[in-house]
There are 2 protein chains.
Amino acid sequence: MPRLIESVPNISEGRRPEVVEAAVAAVRATGARVLDVQRDADHNRSVLTLAGDETTLRAAIPALFAVAVERIDLRQHKGAHPRLGAVDVVPFIPIEGATMADCVALARAVGEEVAARFGVPVFLYEEAASAAHRKNLEDIRRGEFEGLADKMRRAEWAPDFGPSSPHVSAGATVIGARMALIAYNINLATDRLDVAKKIASAIRQSSGGLRYVKAMGVALADRGIVQVSMNLTNYEKTPVFRVFELVKREASRYGVSILESEIVGLVPAAALAASAAWYLQIEGFSEKQVLENVIRASALPQ
Amino acid sequence: MPRLIESVPNISEGRRPEVVEAAVAAVRATGARVLDVQRDADHNRSVLTLAGDETTLRAAIPALFAVAVERIDLRQHKGAHPRLGAVDVVPFIPIEGATMADCVALARAVGEEVAARFGVPVFLYEEAASAAHRKNLEDIRRGEFEGLADKMRRAEWAPDFGPSSPHVSAGATVIGARMALIAYNINLATDRLDVAKKIASAIRQSSGGLRYVKAMGVALADRGIVQVSMNLTNYEKTPVFRVFELVKREASRYGVSILESEIVGLVPAAALAASAAWYLQIEGFSEKQVLENVIRASALPQ
């Protein structure tokens, strides 16, 4: 089975389509599959979703840098989204036949290469981080491009690879490895925003809840309901079904029932399989019992 | 995306490994993937699980016939399992990018070819059946090889392809298209076999229950519990979660709770995804939201 890794590089360009297209074309030319491109003018940022094996992605990310470093100048960049560099963040995500260790190794190899080739300082984050205080993307990015030169003078913010000060126009880049995120919302059969906020506070890690849940309560004004809007950052350790059941239990405390939930974007098959196995009480369930997995495992390497 | 079809041919040979190996080798030589081979000496029968596209399987099944018709003589064959022919039954099952209509067309094409090349009468069954009374494999196979010549003299048992009487040594073959089966058992926290039998009777189609459920109650004597043992023959129309919930409800009528359930063998990813989506109340869930599906859909045709 070929090792399949996803990468979701974010570049600091969302207004000039020709620059984004040039970046996408450079990536495609390496043989990486481009699954999705989201260009956001307000954020002045684009998110590419790529898939490939390690060899392909090792070529694809530097190809992306070549375009972004040449065409994007952070000194001229304004947008709603915080950013540190022209290529702002590059996560690698294990999908099939690849482990987190493979993705950490890939992050290090790519980081070393782009630092050397483009003179851009690289910070490793999440599972690839070299220290606990550098795991969180938000912590690394705090201060943004404009505060980067000062920040990097502090020892704890020396880069993992590359020069000890920012690239003059391309800033710095954050590269790492993480689990696939699931953007998961639960809609409540009420218009009481306080209930959604209380539930969000109860279940998220930052205020004492589940380890891999980020959550906030929001109003869906046009529908007259409220929502617990979440990111699940490790569906193996904090599975979807446990989040759903906990939200349901908290909601019942306020006499509120769950209207529905929704997956925003994509969800790994394993996250759904684990939920099915839990609710159906399937004993000894294994991913090797999934027909498609067996078929793919039998395929010759591509 | 390449069209992926599964086929699970059953051949009437489970005692001579060299014959089964020759059959498997002939199939492999066509490029079909052999996912599994189960050889059963008591049944004197082997079950091959193959996967491939239409072109590959159109070559693989006749290659299997060439070996089986030459090496298997039903006049000498004894075994616990009912059988009609050397190649006894060949179902085609849509997996990915293939529809049931594709599988019906493939069953007809393969049936016509093997009837012409090997002189074996072919009965089409399940979704490929040419009449309602010929849908069920058990009905076609009733009377077995020994009763076949008499049976075929009746107009309603004329074959769909091939000669109007059995092949002298290879009998006849049943070829068709069906959904993937799920072998699904639910273990009850009781030793009362009557409860398992009552539940099986309540939920199976044959006695008034769910349309695509076959069920029986059995004792697991060594564990001191009982089991509702099921085949789910169409998981799209009678989904796993509905079967589980109905069994749970029926069991509660007798004060019995569910200990666990189990998947025997393989389960299609879509059956698990549908169960997860139902329990998690995911509104508007689509298979296109499954990360792996998007990645595969983006792959170039192989």
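In what follows, the structure referred to is the one given above.
For the structure given in this document, a descriptive report is provided here. (Residues numbered from 1 in each chain as written. Chains lettered and ligands numbered in written order. Predicted model: local features only at pLDDT ≥ 70, side-chain atom pairs only at ≥ 80, totals over all residues. Heavy atoms only, no water.)

## Regarding the pattern of salt bridges
Residue and element names in this part refer to chain B.
- Summed over all chains, the structure comprises 36 salt bridges over all chains.
- With its nearest N and O atoms 3.1 Å apart, the salt bridge here joins Arg142 to Asp139.
- In this structure Arg142 comes out as exposed when scored by relative accessible area, which is 55%.
- The partly exposed category is assigned to Asp139, whose relative accessible area is 25%.
- The partner of Glu260 in a salt bridge is Arg223, with the nearest N and O atoms 3.0 Å apart. Of this pair, Glu260 sits in strand β11 (residues 258-264) while Arg223 sits in the loop between β9 (213-220) and β10 (225-232), placing them 37 residues apart in sequence. (Salt bridge = Lys/Arg side-chain N within 4 Å of Asp/Glu carboxyl O. Buried < 20%, exposed > 50% of the residue type's maximum accessible area, 1.4 Å probe, protein only. Helix = DSSP H or I, 4+ residues; strand = E, 2+ residues; numbered from the N terminus.)

## Description of the interface of chain A and chain B
- Contact with chain A, which involves 43 residues of that partner, is made by 43 residues of chain B.
- Together, the buried faces of chain A and chain B total about 3900 Å²; carbon and sulfur atoms form 67% of this surface.
- Inspection of the region where chain A meets chain B yields 18 residue pairs in polar contact (both at pLDDT 80 or more).
- Residue assignment for the side of chain A that touches chain B shows that the elements contributing at least two residues are β1 (4-7), β3 (33-40), β5 (87-96), α7 (240-253), β11 (258-264), α8 (269-279) and α9 (291-298) of chain A.
- Classifying every residue of the side of chain A that touches chain B by side-chain character gives 27 nonpolar, 7 polar and 9 charged. (Contact = heavy atoms within 4.5 Å. Buried area = accessible area lost by both parts, 1.4 Å probe. Polar contact = N/O pair within 3.5 Å; in protein donor to acceptor, adjacent residues only side chain to side chain. Nonpolar A, V, L, I, M, F, W, Y, C, P; charged D, E, K, R; others polar.)

## Here's the deal with helix α5 (residues 144-152) of chain B
Residue and element names in this part refer to chain B.
- Among the residues of α5, those classed as buried are Phe145, Leu148, Lys151 and Met152. End-on view of α5: buried residues confined to an arc of 100°, all on one side of the axis. Exposed residues on α5 whose side chains face more than 90 degrees from its buried face are Glu146 and Asp150.
- Buried residues along α5 sit against β6 (122-126) and α4 (137-141). (Arc of directions from axis to C-beta.)

## Some points on the nonpolar core
- The biggest cluster of nonpolar side chains holds 181 residues, and the ones touching the most others in it are A:Phe92, A:Leu188, A:Met230, B:Phe92 and B:Leu188.
- The contact partners of A:Met230, leaving out residues within four places of it in the chain, are A:Ile182, A:Ala183, A:Tyr184, A:Asn185, A:Ile186, A:Ile203, A:Val213, A:Lys214, A:Ala215, A:Val243 and A:Val247. (Core = buried A, V, L, I, M, F, W, Y, C linked by side-chain atoms within 4.5 Å.)

## Description of the sheet that holds β9(B)
Residues and elements named next belong to chain B.
- Pairing in this open sheet of 4 strands is antiparallel, and the strands run β9-β10-β8-β11 from one edge to the other. Looking at the sheet topology across the chains shown, the edges are occupied by β9 and β11. Recorded for the sheet is a direction-independent mean angle of 20° between the axes of neighbouring strands.
- Bridge count for β9 against β10 is 8 bridges, and the pairing is antiparallel. Note that in β10 the partner of Leu220 across the bridge is Ile225.
- Strands in contact with helix α7 (residues 240-253) are β8 (182-188), β9, β10 and β11; relative to β8, the strand with the most contacts, it is inclined by about 25°. (Pairing = 2+ DSSP bridges. Axes fitted to C-alpha atoms, helices over the stretch in contact; angles between N-to-C directions.)

## Structural notes on the packing of α7(B) against helix α8 (residues 269-279) of chain B
Residue and element names in this part refer to chain B.
- Viewed as axis vectors pointing N to C, α7 and α8 meet at an angle of 60°, and their least axial separation amounts to 8 Å. One finds that α7 runs oblique with respect to α8. Along the contact surface, α7 presents Val240, Phe241, Phe244 and Glu245, while α8 presents Ala271, Ala274, Ser275, Trp278 and Tyr279.
- The residue makeup of the contact of α7 with α8, split by class, is 7 nonpolar, 1 polar and 1 charged. (Parallel < 35°, antiparallel > 145°, perpendicular 65-115°, else oblique.)

## Observations concerning the relation of the copies chain A and chain B
- Rotating chain A by 179° and moving it 0.1 Å along the rotation axis overlays it on chain B with an RMSD of 0.1 Å. Both copies are brought into coincidence by an operation consistent with a two-fold rotation axis. Taking C-alpha positions as the reference, the residue of chain A nearest the rotation axis is A:Ala276, at 2.3 Å.
- Mapped onto chain B, 100% of the interface residues of chain A again fall at the interface, so both copies present the same surface. (Least-squares fit on C-alpha atoms with pLDDT ≥ 70 in both.)

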